Amino acid sequence: MADVRFDGVRKVYDNGQVAVHGASFDIADGELMVLVGPSGCGKSTLLRMVAGLEEISAGTLSIGGRVVNDVAPKDRDIAMVFQNYALYPHMTVAENLAFGLKLRGHDKAEIARRVQAAADMLGLDGMLDKLPRAMSGGQRQRVALGRALVREPAVFLLDEPLSNLDAKLRHSVRTEIAQLHRKLGTTMIYVTHDQVEAMTLGQRIVVLNDGVIQQIDTPMALYERP
Ligand code: ADP
Ligand code: ADP
């Protein structure tokens, strides 16, 4: 479990584009925080800095009280879920779930335990021997969630995880993510451009525009004075 703290975090890309102008805010341990705003406002950049996939140009970023500016992605206690699933097509669901753990050198029994726990939690139990192409979009996105889950990270990062799903599936996977958050009680940072998604899912919401934080509040407070 870990809180996430942004202190004057700034991102300037090599071409001079300022994607994030000095963001300062805290995400509490166990909180589900949504980052929302139009395309290009800097949501992904913020998330990718937490993941360690983008360098931080100025300021400090802490996870669980540790400054992570110079910490490699694999050494951060995080796991990220991408919008395009990023599943290995030639591997079964079980192999997809186990792959990252094998790379990290976990032993067989521990991998089996974690894969089973993730499959139970996400209702993937009957699908462990299937290949991704034999599954629906919603099922594949659950496997993508499972791949993050097996890491047992302190912080989950989700980058528009519903954007490749049709409207009906979006609703059910969104509900599943909320349930997952309740069960695990871990910190989650969830990026979306969809205001309805933000309002239904977030415990608090960071509203971004043009790389600047406009508001940070609960859905209720944002609803009452938008
Ligand atoms: P969002 O996730 O809200 O759509 P991004 O964080 O992807 O926004 O992008 C924020 C801004 O930074 C945009 O203006 C985008 O074009 C720019 N940007 C993103 N990635 C890069 C990059 N690698 N190099 C230069 N500019 C980038
Ligand atoms: P998203 O906003 O969902 O990340 P994009 O299509 O904006 O999707 O970006 C896809 C990839 O391209 C990202 O890795 C991002 O960092 C990079 N990117 C986005 N904008 C720019 C840009 N202006 N220059 C270079 N790379 C960019």
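Residues numbered from 1 in each chain as written. Chains lettered and ligands numbered in written order. Predicted model: local features only at pLDDT ≥ 70, side-chain atom pairs only at ≥ 80, totals over all residues. Heavy atoms only, no water.

- The name given to the protein chain in an unreviewed UniProt entry is Glycerol-3-phosphate transporter ATP-binding subunit, with the source organism recorded as Stenotrophomonas nitritireducens.

### Description of the sheet that holds strand 2 (residues 18-27)
1) Next: Strand order in the open sheet formed by four strands is 2-1-4-5, and the pairing between neighbours is antiparallel. Where the open sheet ends on each side, the last strands, each with one partner, are strand 2 and strand 5 (66-67).
2) Next: Sheet topology note: the strand 4 (residues 58-63)/strand 5 ladder contains two bridges and is antiparallel. Bridge pairing in strand 5 links Ile 63 to Arg 66.
3) Next: Against the sheet, helix 1 (residues 43-51) contacts strand 1 (4-12), strand 2 and strand 4, and its axis sits at roughly 115° relative to strand 1. (Pairing = 2+ DSSP bridges. Helix = DSSP H or I, 4+ residues; strand = E, 2+ residues; numbered from the N terminus. Contact = heavy atoms within 4.5 Å. Axes fitted to C-alpha atoms, helices over the stretch in contact; angles between N-to-C directions.)

### Side note on the sheet that holds strand 9 (residues 204-209)
1) Next: Ordered by their spatial adjacency, six strands build an open sheet running 6-7-8-3-9-10, and the pairing between neighbours is mixed. In this open sheet, the two edge strands, each paired with only one partner strand, are strand 6 (78-81) and strand 10 (212-217). For this sheet, the mean inter-axis angle between neighbouring strands, taken without regard to orientation, is 15°.
2) Next: Where strand 6 meets strand 7 (residues 155-159), four bridges bridge the pair, whose relative direction is parallel. Paired with Ala 79 across the two strands is Phe 156, which belongs to strand 7.
3) Next: Its contacts with the sheet place helix 1 against strand 3 (32-36), strand 6, strand 7, strand 8 (187-192) and strand 9, and it is angled at close to 150° to strand 7.

### Some thoughts on the side chain of Asn 96
1) Next: Within the fold, Asn 96 resides in helix 2 (residues 93-103).
2) Next: Asn 96 sits in the buried class, given a relative accessible area of 1%.
3) Next: A polar atom in the side chain of Asn 96 sits 3.0 Å from the backbone oxygen of Met 91.
4) Next: Ignoring sequence-local partners within four residues, the contact set of Asn 96 consists of Leu 87, Tyr 88, Met 91, Pro 132, Val 143 and Arg 147. (Buried < 20%, exposed > 50% of the residue type's maximum accessible area, 1.4 Å probe, protein only. Polar contact = N/O pair within 3.5 Å; in protein donor to acceptor, adjacent residues only side chain to side chain.)

### A short note on the site of ligand 1
1) Next: Every residue close to ligand 1 is listed here: Tyr 13, Asn 15, Gln 17, Ala 19, Pro 38, Ser 39, Gly 40, Cys 41, Gly 42, Lys 43, Ser 44 and Thr 45.
2) Next: Cys 41 has a polar backbone atom sitting 3.1 Å from an oxygen atom of ligand 1.
3) Next: Isolated, ligand 1 exposes 550 Å² of accessible area, and the fraction of that covered by the protein chains is 64%.
4) Next: Ranked by residue count, the leading element in the shell around ligand 1 is helix 1, at three residues.
5) Next: Tallied by class, the residues present in the shell around ligand 1 amount to four nonpolar, seven polar and one charged. (Near = heavy atom within 4 Å. Areas by Shrake-Rupley, 256 points an atom, 1.4 Å probe, with all protein chains shown as cover. Nonpolar A, V, L, I, M, F, W, Y, C, P; charged D, E, K, R; others polar.)

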